[in-house]
Amino acid sequence: MYKRILLPTDGSEASGRAVQAGIDFARSVGAEVVAMTATPAFHTFSVSAEMLEQTPETYEAASAARAQRLLDEAAAAARDAGVPATSLRVVADSPYEAIIATARERGCDLIVMASHGYHGIKGLLLGSETHKVLVHSAIPVLVHR
């Protein structure tokens, strides 16, 4: 049924649980996984303190190192489960668009994402990348909570 499953991760605990659930599901259906993470590009004007304190080069190096750590963790979990895996880092200011584009480009037939469970005004103000993917993706999305 499913052949290739996209596992986006942002490094949060909820995201880590969703990646593991996606790997377990992939193993049960004989699918491969694609782990991905999206990091924002460096911006001169930013509300992110880490961007304000860094040069473009140091920000890129730190972002690449963090992304690699997240992807290595997902790849190791897949390897331990005997699930074929590839991974990639995407530089994008809109994570939900990067997730959908990556799923399409990589031929994924399912996206497994975490729900962080924001409610009320916090959920309204922060928005939800998972919700945006659900609304805009033509590819099925499995939300792990």
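Caption draft 1: Expanded view of the overall build of the chain. Summing up its helical and strand segments, the chain has 6 helices and 5 strands in all. Counting from the amino terminus, helix and strand elements in the chain follow one another as β-α-β-α-α-β-α-β-α-α-β. For the chain, the proportion of its 145 residues judged to be buried stands at 37%. Relative to all contacts within the chain whose residues are 6 or more apart in sequence, the contacts with residues 24 or more apart total 75%.

Caption draft 2: Structural context of the nonpolar core. By size, the foremost hydrophobic cluster in this structure holds 17 residues, and its most contacted members are Ile 5, Leu 7, Ile 23, Ala 26, Val 33 and Val 83. Contributing elements (two or more residues each) for this core: β1 (4–8), α1 (13–29), β2 (32–39), α3 (56–81) and β4 (110–114). When residues in this core are grouped by element, the largest group, 5 residues, is from α3. Residues within four places of Ile 5 in sequence aside, it is in contact with Gly 22, Phe 25, Ala 26, Ala 31, Glu 32, Val 33, Val 34, Cys 108, Leu 110 and Val 112.

Caption draft 3: Here's a closer look at the confidence of the model for the chain. Chain-level statistics for the chain give a pLDDT mean of 89 and a share of 85% at 70 or above. Highest mean pLDDT in the chain belongs to β1 (98); lowest belongs to helix α5 (residues 120–126) (53).

Caption draft 4: Examining the environment of Ala 14 more closely. Structurally, the position occupied by Ala 14 is in helix α1. On a C-alpha basis, the gap between Ala 14 and Arg 145 in space is 7.3 Å, while along the polypeptide they are 131 residues apart. Leave out the neighbours within four places in its chain, and Ala 14 touches Ala 114, Ser 115 and His 116.

Caption draft 5: Layout of the environment of Ala 77. Within the secondary structure, Ala 77 is located in helix α3. In this structure the C-alpha to C-alpha distance between Ala 77 and Asp 24, which are 53 residues apart in sequence, comes to 9.5 Å.

Caption draft 6: Quick look at the packing of α1 against α3. As a packed pair, α1 and α3 sit with axes 10 Å apart at the nearest point and diverge in direction by 30°. With respect to each other, α1 and α3 are oriented roughly parallel. Crossing of α1 against α3: the hand is right-handed. Contacts between α1 and α3 pair Val 19, Gln 20, Ile 23 and Arg 27 from the former with Ala 74, Ala 77, Ala 78 and Ala 81 from the latter. Split into classes, the residues belonging to the contact of α1 with α3 amount to 6 nonpolar, 1 polar and 1 charged.

Caption draft 7: The arrangement of helix α4 (residues 95–105) in detail. Within the sequence span of α4, burial applies to Tyr 96, Ala 98, Ile 99, Ile 100, Ala 101, Thr 102 and Ala 103. In this structure, the buried residues of α4 make contact with β1, β2, β3 (85–91), β4 and α6 (129–136). Phi for Gly 107, located one or two positions after α4, is positive at around 70°.

Caption draft 8: Inspection of the sheet that holds β1 at higher detail. Spatially, 5 strands are ordered β3-β2-β1-β4-β5 in an open sheet, and the strand pairing comes out parallel. Every interior strand has two partners, whereas the edge strands, β3 and β5 (141–144), have only one. Averaged over neighbouring strand pairs, the angle between their axes works out to 25° when direction is ignored. As paired strands, β1 and β4 are joined by 2 bridges and run parallel to one another. Pairing of Leu 6 across the sheet is with Ile 111, part of β4. Together, β1, β2, β4 and β5 form the strand contacts of α1, whose direction differs from that of β1 by roughly 170°. Its contacts with the sheet put α4 on β1, β2, β3 and β4, and the angle it makes with β2 is roughly 150°.

Parameters and conventions
Residues numbered from 1 in each chain as written. Predicted model: local features only at pLDDT ≥ 70, side-chain atom pairs only at ≥ 80, totals over all residues. Heavy atoms only, no water. Helix = DSSP H or I, 4+ residues; strand = E, 2+ residues; numbered from the N terminus. Buried < 20%, exposed > 50% of the residue type's maximum accessible area, 1.4 Å probe, protein only. Contact = heavy atoms within 4.5 Å. Core = buried A, V, L, I, M, F, W, Y, C linked by side-chain atoms within 4.5 Å. pLDDT = per-residue confidence, 0-100. Axes fitted to C-alpha atoms, helices over the stretch in contact; angles between N-to-C directions. Parallel < 35°, antiparallel > 145°, perpendicular 65-115°, else oblique. Left-handed = near helix turned anticlockwise from the far one by under 90°. Nonpolar A, V, L, I, M, F, W, Y, C, P; charged D, E, K, R; others polar. Pairing = 2+ DSSP bridges.

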